[in-house]
Amino acid sequence: MSNPSLLILPGDGIGPEVMAEVRKVIDWFGEKRGIRFDVSEDLVGGCAYDAHGTPLTDATMAKAQEVDAVLLGAVGGPKYDKLDFSVKPERGLLRLRKEMDLFANLRPAQCFDALADFSSLKKDIVSGLDIMIIRELTSGVYFGEPRGIIKEGNERVGINTQRYTESEIARVARSAFELARKRSNKVCSMEKANVMESGVLWRDVVQEIHDAEYPDVELSHMYADAGAMQLTRWPKQFDVIVTDNLFGDLLSDLAAMLTGSLGMLPSASLGLPMANGRPKALYEPVHGSAPDIAGTGKANPCACILSFAMALRYSFDLGDEATRLEKAVEKVLADGVRTADLMQSGDGTSASTVEMGQAVIAALDASL
Ligand code: IPM
Ligand code: MN
């Protein structure tokens, strides 16, 4: 049997730098654990635009559909700000999400003990924090029609449409309930049912799926604005949060920052099972392309490395190996290795991207 396949799309900014460290981790699993992947690499985002005039070619899209999992770095940068909307780097990522139908975006916000001081919130509010935001990723206002900027009389009008079908809500709700059963069995659903019809429907459908299929899971509902407030007031009240595409974008950044650094947080975007039983899947760090530090060796590769850990768990059913990798990262932090994003002024010298990668490999070696 051939090895499972991975398509690596490093993208722009710090994407290639952090992905280079992930490649070393992938090689480590091949050499030391006999877990081998057929790895190919391609372009997405601004670099794809530079090479081909589009942020994602049809050929790369086709490859992404064929492989067992896609690993993405980051897309975008100031160089591309002026481009037409249709060819912006972000469109490459959105096309991958949409055409692979990756409707469930898992964004864990976990506070590493060694970093609890880093949060802008008090330590007792964030230490031990472990929540999972499930963001709907293929619909809502990101994709709804009509959209555009039209002329009405003598002024322009910007239009986007929030649109959700019952089945779109139901499938992401099921993902949330399934995941909650493997965690603390609690789901909080967030929308704006007080002002949006799509929110009313969202609340109804989540409740129906719960009552019919997951009555054992504790379910609550919250308006998304109140949810943002509760996330900063007492985040540990949550286990799994399920929400729509736009609210999920905002709330997951908020939740991520509770943990101290965006540089630590991975994500998984999952779709329906393929013929081989594995879900369609794309893994990417939550941080962006960070053009301000690109090329300086300051980027933290941990979020991207932890995204590969999520791939081991969710695509390849290698939960134990995922835990091994997560523990290795935890150990490195406990040992005091810090990239610049994890330092406060006066903290001494920071580790470079490569040094952080080396420390993780050393911790993996020590795990054997
Ligand atoms: C994210 C990003 C993307 C989004 C951008 C880059 C299109 O902010 O993954 O959260 O808005 O979904
Ligand atoms: Mn975002």
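Note: the structure precedes this text.
What this report covers is the structure whose coordinates are included nearby. Bear in mind that the values here come from a model prediction, so they are computed numbers and not experimental data. (Residues numbered from 1 in each chain as written. Chains lettered and ligands numbered in written order. Predicted model: local features only at pLDDT ≥ 70, side-chain atom pairs only at ≥ 80, totals over all residues. Heavy atoms only, no water.)

Things to note about the overall build of the protein
Secondary structure assignment for the protein yields 12 helices and 12 strands. Based on the C-alpha atoms only, the size of the protein along its principal axes is roughly 60 × 50 × 50 Å. A total of 368 residues make up the protein; the buried ones form 53% of that total. Considering only contacts in the protein between residues 6 or more positions apart, those separated by 24 or more positions represent 74%. The averaged location of the 53 negative side-chain charges in the protein is 1 Å from the averaged location of its 39 positive side-chain charges. (Helix = DSSP H or I, 4+ residues; strand = E, 2+ residues; numbered from the N terminus. Buried < 20%, exposed > 50% of the residue type's maximum accessible area, 1.4 Å probe, protein only. Contact = heavy atoms within 4.5 Å. Lys, Arg positive; Asp, Glu negative; His and termini not counted. Charge placed at Lys NZ, Arg CZ, Asp CG, Glu CD.)

Quick look at a negative patch on the surface
A contiguous patch of negative charge on the surface is contributed by E166, D204, E208 and D211. The element best represented in the negative patch is helix α7 (residues 197-213), accounting for 3 residues. Looking at the secondary structure, you find E208 in helix α7. For E208, a relative accessible area of 47% corresponds to the partly exposed category. (Patch = residues over 30% accessible without salt bridge, like charges linked within 9 Å, V, L, I, M, F, W, Y side chains within 5 Å. Areas by Shrake-Rupley, 256 points an atom, 1.4 Å probe, with all protein chains shown as cover. Salt bridge = Lys/Arg side-chain N within 4 Å of Asp/Glu carboxyl O.)

Concerning helix α12 (residues 353-366)
Residue pairs three or four apart in sequence face the same way in an α-helix, which turns once every 3.6 residues. The end-to-end C-alpha distance of α12, which contains 14 residues, comes to 20 Å, matching closely the 20 Å that a straight helix rising 1.5 Å per residue would cover. When α12 is considered as a whole, its buried residues turn out to be T353, M356, G357, A359, V360, I361, A363 and L364. The elements touched by buried residues of α12 are α1 (15-33), α10 (302-314) and α11 (319-334). (Expected span 1.5 Å × (residues − 1).)

Examining the side chain of E168
Looking at the element boundaries, E168 is found in helix α6 (residues 166-181). Of the side chains bearing the opposite charge, K98 lies closest to the buried E168, which forms no salt bridge; the N-O distance is 5.2 Å. With residues up to four places along the chain from it excluded, the contact list for E168 reads S139 and R163.

Details of the pairing of strand β5 (residues 130-136)
When you tally the buried positions in β5, you get 6 out of 7 residues, the bulk of the element. For strand β4 (residues 104-110) and β5, the ladder comprises 7 bridges, and the chain directions are antiparallel. Across the sheet, A109 pairs through a bridge with I131, a residue of β5. (Pairing = 2+ DSSP bridges.)

As for the layout of surface pockets
By volume, the largest pocket is sized at about 900 Å³. In this structure, the largest pocket is lined by 34 residues; those nearest its centre are L106, M132, L179, R313 and Y314. Among the secondary structure elements, those contributing two or more residues to the lining of the largest pocket are β4, β5, α6, β11 (266-273), α10 and α11. Broken down by class, the residue content of the lining of the largest pocket amounts to 19 nonpolar, 5 polar and 10 charged. Taken as a whole, the second largest pocket encloses approximately 430 Å³ of empty space. Contributing to the lining of the second largest pocket are 22 residues, with L93, R97, D249, V286 and G288 lying nearest its centre. Looking at the lining of the second largest pocket, its residues break down into 9 nonpolar, 6 polar and 7 charged. Composition of the lining of the second largest pocket by domain shows at least three residues from each of domain 1 (1-111 + 263-368) and domain 2 (130-258). (1 Å grid on protein atoms, 1.4 Å probe; cavity = no way out; pocket = protein on both sides within 12 Å on 5 of 7 lines; lining within 4 Å. Points joined across faces, edges and corners; volume = space filled by probe spheres on them. Nonpolar A, V, L, I, M, F, W, Y, C, P; charged D, E, K, R; others polar. Domains from an automatic or database assignment.)

Concerning unusual backbone geometry
The omega torsion across E145 and P146 is 0°, close enough to zero to call that bond cis. Note on placement: P146 falls in strand β6 (residues 144-152). Of note, the phi angle at N185 is positive, near 65°, even though the residue is not glycine.

Purely spatial values, then, with no claim about function.
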